[in-house]
Structure formats: structure tokens, C-alpha cells
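Understanding the architecture of this molecule
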Amino acid sequence: MLTWCMEDWKISSKRRLFMLPGPSEPYPEILDKLQNRVLPHYGPDWDKAFSRVREDLKKVFQTKGGIILYPGSGEAATHMVVANMVKPGDQVITLTNGFFGDYINMAVEAFGGKSILVRESFGKAMDPEKVRKVAVKEKDAKAICVVHVETSSGVENPIREIAEIAEETGKACIVDAIASLGGSELRMDNWNIDICLGYASKALGSIHVLSPIAVSKEIWDSIEEKSQYMTPFFIDFSAWKHMRWGGTHPVTMPTMNVLALGEAVKIALREGLRNRFRRHDVAGKAMREGVRAMGLGVLPEEEDAAGTITAVKVPTGAENRIRNLMMEKFNIMMGASLGGLVQGKETYGKGELVRIGHMGLVASPEYIVPTLAALEQVLPEAGFDVKGSGVEAALEVFKQQPKEWINGLMSRLMVR
Ligand SMILES: Cc1ncc(COP(=O)(O)O)c(C=O)c1O
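Residues numbered from 1 in each chain as written. Predicted model: local features only at pLDDT ≥ 70, side-chain atom pairs only at ≥ 80, totals over all residues. Heavy atoms only, no water.

What follows concerns the pairing of strand β16 (residues 353–357). Successive side chains on a regular strand alternate, one facing one side of the sheet and the next facing the other. Among the 5 residues that make up β16, 5 are buried, leaving the element largely enclosed by the rest of the structure. Both faces of β16 are covered, namely the face carrying Leu353, Arg355 and Gly357 and the face carrying Val354 and Ile356. Sheet topology places strand β12 (residues 309–313) next to β16; 5 bridges connect them, and they run antiparallel. Considered in β16, the bridge of Ala311 is made with Arg355. Direction of pairing for strand β13 (residues 332–336) relative to β16: antiparallel, over a ladder of 2 bridges. Following the sheet pairing, Ala336 is matched in β16 by Val354. (Buried < 20%, exposed > 50% of the residue type's maximum accessible area, 1.4 Å probe, protein only. Helix = DSSP H or I, 4+ residues; strand = E, 2+ residues; numbered from the N terminus. Pairing = 2+ DSSP bridges.)

Around the ligand lies a shell formed by Ser73, Gly74, Glu75, Phe100, Val147, Val149, Thr151, Asp176, Ile178, Tyr199 and Lys202. Contact between the ligand and Thr151: an oxygen atom at 2.5 Å from a side-chain N or O atom of the residue. Separating an oxygen atom of the ligand from a side-chain N or O atom of Lys202 is a distance of 2.7 Å. For the shell around the ligand, a count of residues per class yields 5 nonpolar, 3 polar and 3 charged. (Near = heavy atom within 4 Å. Polar contact = N/O pair within 3.5 Å; in protein donor to acceptor, adjacent residues only side chain to side chain. Nonpolar A, V, L, I, M, F, W, Y, C, P; charged D, E, K, R; others polar.)

For side chains of opposite charge, pairing can occur when their charged atoms come near one another. Tallied over the full model, the rule gives 23 salt bridges. Asp47 is paired through a salt bridge with Arg244; the nearest N and O atoms lie 3.4 Å apart. Note that Asp47 is positioned in helix α3 (residues 44–61) and Arg244 in the loop between α9 (237–242) and α10 (255–271), a separation of 197 residues in sequence. The salt bridge partner of Glu120 is Lys130, with a shortest N-O separation of 3.3 Å. With Glu120 in the loop between β4 (114–119) and α6 (128–137) and Lys130 in helix α6, the pair connects residues that are 10 residues apart, well separated along the chain. Salt bridges here are not isolated pairs; linked through shared partners, they connect Arg288, Glu289, Arg292 and Glu302. (Salt bridge = Lys/Arg side-chain N within 4 Å of Asp/Glu carboxyl O.)

Limitation: the analysis is restricted to geometry and does not speak to function.
Here it is, written out as C-alpha cells:
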């Protein structure tokens, strides 16, 4: 059936492995879920499933607040958050050290906010001291917006410290955890995060396009029913709390995506969040050690590097050659650099980075080791002289883990 569809649409039916910064490789259990009959977005079955997914998501965000399941891409959900949190003329401190920080900044300005931009160099984590100085000085600023894992560079920003600064200086903290939720430690209530955006098809390993948005209990409880919703009404938080269209949502929901995400969340909770964060941290370290052993560079310094994605520095011009060879010879997909214009100059490593995602399912030796083995094979063809064995370096990282970690991983694989 699927093959027929693929042929019909002239899409290659080749199995591809997504070592991508999104979409991530979906769990097979989730794909099974999609073979079920389609559920309508009303009726008792849907109501039960929808509430269960939202309750389980609270555990992943670690919040007692409210969950909106926005049926759109990460950027669409970011716009929704900004539309509700920023009024025209509001001052907002926006932190950026890459492509997605710039995106939030654009969203703030699009909704009439006055952005106070704090910029860090590409590939470097935001410096909390620099943020503190601006937050203390800008007394009227209402919020601080920050990206947790900057997917364009593989940098993890110090969210806990930044949220603390927001709390101390009386500002809301808005976090884009699209590339980290379910893979990097994030405790929404404990760290005083007010709004947090996640995504179905990054570290949670479901399918795109669905974006959970967590709203702190304080803000959620204050959202009142309105007689006149914001235009367009489907981006109004109030509509998502009070309007009923089947479950509490104001528009038709992609029920199968929601069920798929529900399955992904169950998998994450079964594994345990601590185990999961650990697994991503180890996967990231193994990937970085692996590429360094081959003689390639990693963009961020070790202390700034994320567990869900690695931005590998490659010789100028070799980026697409490497990615194409990985695809042609091994069916492994890796991400390109994103580029972007900062002050009129092309930057963000355009043409010089290969971004390897190790999110959800693939953050394990089972996928990292073959990916490195394949990379070792294609690099010489792309004109790069491989210095040493990436596979051995990565295995060394995995071998250093305690026996319980390996056992945990094995039992997870056995369950599948
Ligand atoms: C950190 C981050 N924020 C925002 C986005 C935008 O999401 P989308 O492309 O789904 O609109 C992405 C996409 O990769 C992302 O990684």
C-alpha cells in the first residue's frame, strides 16, 4: 500500500535513516499507530485520548500548567505564543546566537513588540551575565525569549540560569525548546519558565507537524473566556482553553498526529526522563568524539554542545557532497547548514556545516556507530583525508558508561 503510494507520487521507496535535526526518525511503534483507523476529532474516544496526551505531556514539560497542542509547525506555534504574550509596544529582550533566535526576534517585531536584542556569536552559548546586565537595565521589558537548543549551531543555551534572571527581574521567560523537549533536561515549573514550546518530531521522535505549547499554571489560570477572540481566533490562548470543538480546541485537530505524539510521550515516560536525558548526552558526546577523531571540527566548544544535535565543521564547499554521498551510498540523511543574513552578511556557517541530529530513537550506539562508519567511508570521496577512526572514538565513549546504562539501553531495544 505504502509502496504503491510512493510510486504513484514518484517518491523513492528507499528506506532512509533520519540523522536529521528534524524531522527525526519516528519510533516504529508510532508508525504502527498510524495504521489504525482514523479517529474523528470529537466523541468520547477522542476526548479520552486527547486529555490523556495533554496530561502525559505535562509530565514531559514537568509542569502543572496547561498544554495547547497547536496543529502547526514550530514557527507557527512560536507566532501564536508571541501573539498572546507580546502586545504592540511591549519591550521584550530577545536572545539570539543563531537562526532560530533570529526567528523569535522576527516574531516579536511582527506582532509590534520592541525587541531588545542580545546577540552572542554563532556557535557560542548565551552568557547569563550579559543577559543579567541587560535584564536589570531594561526595567520595562516584559519578557525574555530564548531558544534552548539552537538547531542551527548545536548549541545548548543555559535556560535554567536565564529563567532565574527573568524571575529575579520580574519578566516572563519564554523558551523555544523545540529541538530539546524530551532530549535535554528542562524543568518548566522548577525553573520558573512561563511558556515553553516543544515539537513532536525532534527529540520525542513522533511525526511532524504538531507543536505542544506548555503554559505555566499562573498564566493558564488567568486566561479568561472572551466574548470576542483575537483575530485570527485560532491563535488565541483563550480559545484553546475555553472553546470546545470535540475536545477543548477551537479548530479541527490532526487526530492521528496527536495519537502518534501520545505514543511518543508514553515511550519517553516509560524510559524515564532522566535516562533519556542521559542517553542524549552520551550520544552527543560519542558523536562529537567520533567526528573529532576523524579530523573534523565541532562548531561549539564542548561545554556549550547540545545532546540532540551536532554541527560538524566541514571544508568549505564539501557540505552537500558529504550529505549527498551519505544518502546515495548509505541512505542516511543529515542536515545542511542553514545560513542566514546578519547585518547584511551571509553567516551561520553557510556551506561549511553538516548538522547531524541524534534525537529520540537514534540517540544510541545502534545508530551513531553505523553513521560514523558511513561517514568514514564517504569523507575521502568528498576530498577529506580521514585522520583516525570515528567509530573507535565513539565506542570508547559508550564503553565508559556504567553497566546499568548499557543494560537499560539493551532492555529498551529488546522491548521494540
Ligand atoms: C529551535 C527551533 N525553533 C523553531 C523551529 C521552526 O520550526 P518549523 O520549521 O517547524 O516551523 C525549528 C525548526 O527546526 C527549531 O529547530
